[in-house]
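# Per-entry structural report
Chain residues, written in single-letter form:
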Amino acid sequence: MWAGEAWVLSRAAAMLAAGVLGAIVGSFLGAALVRLPRGESVMAGRSKCDGCGRTLGARDLVPILSFLALHGRCRTCGAAIDRWQFAAEVGGLLVGVAAAWFARDGVMLALGLVLGWQLLLLGLLDLRHFWLPDRLVVLLAATGAVPALLADLTDPMLLSGPTLGALLGFGTLWLAAKAYRAWRGIDGLGAGDPKLLGAIGLWLGPLGVVATLLGGALVGLAAATGLALAGKTVTRRTALPFGSCLALAGFAVYLGQN
């Protein structure tokens, strides 16, 4: 077998494995997306139909496939299954495939999965509820700090990039939010956006923060344009989930960096 063929097969196997795992993780993230805003535990309790309350069996919980086989409805009462659950499962799969495609090695793949799945949940929470829970942002920051701290054991200078990235990410949006508030008298950014970009900065460093901010702005502009083309009224008071834009851009920047 040629070396190139071996590379293609190994990369394809990694993408398949990461995609399947991503769909499974996405199922868990979908449950978190529904339960966290309700104040319910993500870990405790079995999944139930929101319509009839029936405890779901194994054949109802196969990520993506069960939703498609059931045409998005409960097999007992016919109630619609939450589309966000399906979106989380597909998103988890796509994160897995993308991370496996761009990863240079197993370590970078693992880090990409950890970052991507966290950003997926935060992005969906902001998209659906305009909410970026502090505990999830802190977890994102903590998981970004660990590789930096481990690298610091061999070269203290390697810690400066993540530290500057966190400060730049948080400080830029925090100052922008304060300035907009002073100028317009209304909030232009959610309180969670600076924290999110600061956490992303621990993963990507200062240059990654700049790229993420620019990418997030472009995603937001595209979303606003799409709403306008769809006939929606878009004004300066129209709320857009900028955290979702940052999450998407941040993961794309990470893939590009690695």
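The coordinates are above.
None of these values were measured; they are calculated from a predicted model.

Attention shifts here to the pattern of salt bridges. In the structure shown here, the tally under the stated rule is five salt bridges. A salt bridge links Asp82 to Arg128; the nearest nitrogen and oxygen atoms lie 3.0 Å apart. Linking Asp82 in the loop between α2 (65-69) and α3 (83-102) with Arg128 in helix α4 (residues 106-129), this pair joins segments that are 46 residues apart in sequence. The exposure class assigned to Arg128 is partly exposed, which follows from its relative accessible area of 29%.

Running from N to C, helix α6 (residues 160-184) and helix α7 (residues 192-229) point in directions that differ by 120 degrees, and their axes come no closer than 6 Å. As α6 packs across α7, the resulting crossing turns out to be right-handed. Contacts from Gly161, Pro162, Leu164, Gly165, Ala166, Leu168, Gly169, Phe170, Thr172, Leu173 and Trp174 in α6 reach Asp193, Pro194, Lys195, Leu197, Gly198, Gly201, Leu202, Gly205, Pro206, Val209, Val210 and Leu213 in α7. Split into classes, the residues belonging to the contact of α6 with α7 amount to 14 nonpolar, seven polar and two charged.

Now for α4. With 24 residues, α4 should cover 34 Å at 1.5 Å per step; its first-to-last C-alpha distance of 34 Å lies within 8% of that length. A side-chain oxygen of the first residue of α4 lies 3.1 Å from the backbone nitrogen of Val107; this N-cap is Asp105. Immediately downstream of α4, the backbone of Phe130 shows phi near 50 degrees, a positive value.

Criteria and thresholds
Residues numbered from 1 in each chain as written. Predicted model: local features only at pLDDT ≥ 70, side-chain atom pairs only at ≥ 80, totals over all residues. Heavy atoms only, no water. Salt bridge = Lys/Arg side-chain N within 4 Å of Asp/Glu carboxyl O. Helix = DSSP H or I, 4+ residues; strand = E, 2+ residues; numbered from the N terminus. Buried < 20%, exposed > 50% of the residue type's maximum accessible area, 1.4 Å probe, protein only. Axes fitted to C-alpha atoms, helices over the stretch in contact; angles between N-to-C directions. Left-handed = near helix turned anticlockwise from the far one by under 90°. Contact = heavy atoms within 4.5 Å. Nonpolar A, V, L, I, M, F, W, Y, C, P; charged D, E, K, R; others polar. Expected span 1.5 Å × (residues − 1). Polar contact = N/O pair within 3.5 Å; in protein donor to acceptor, adjacent residues only side chain to side chain.

Coordinates in, geometry out; function isn't part of it.
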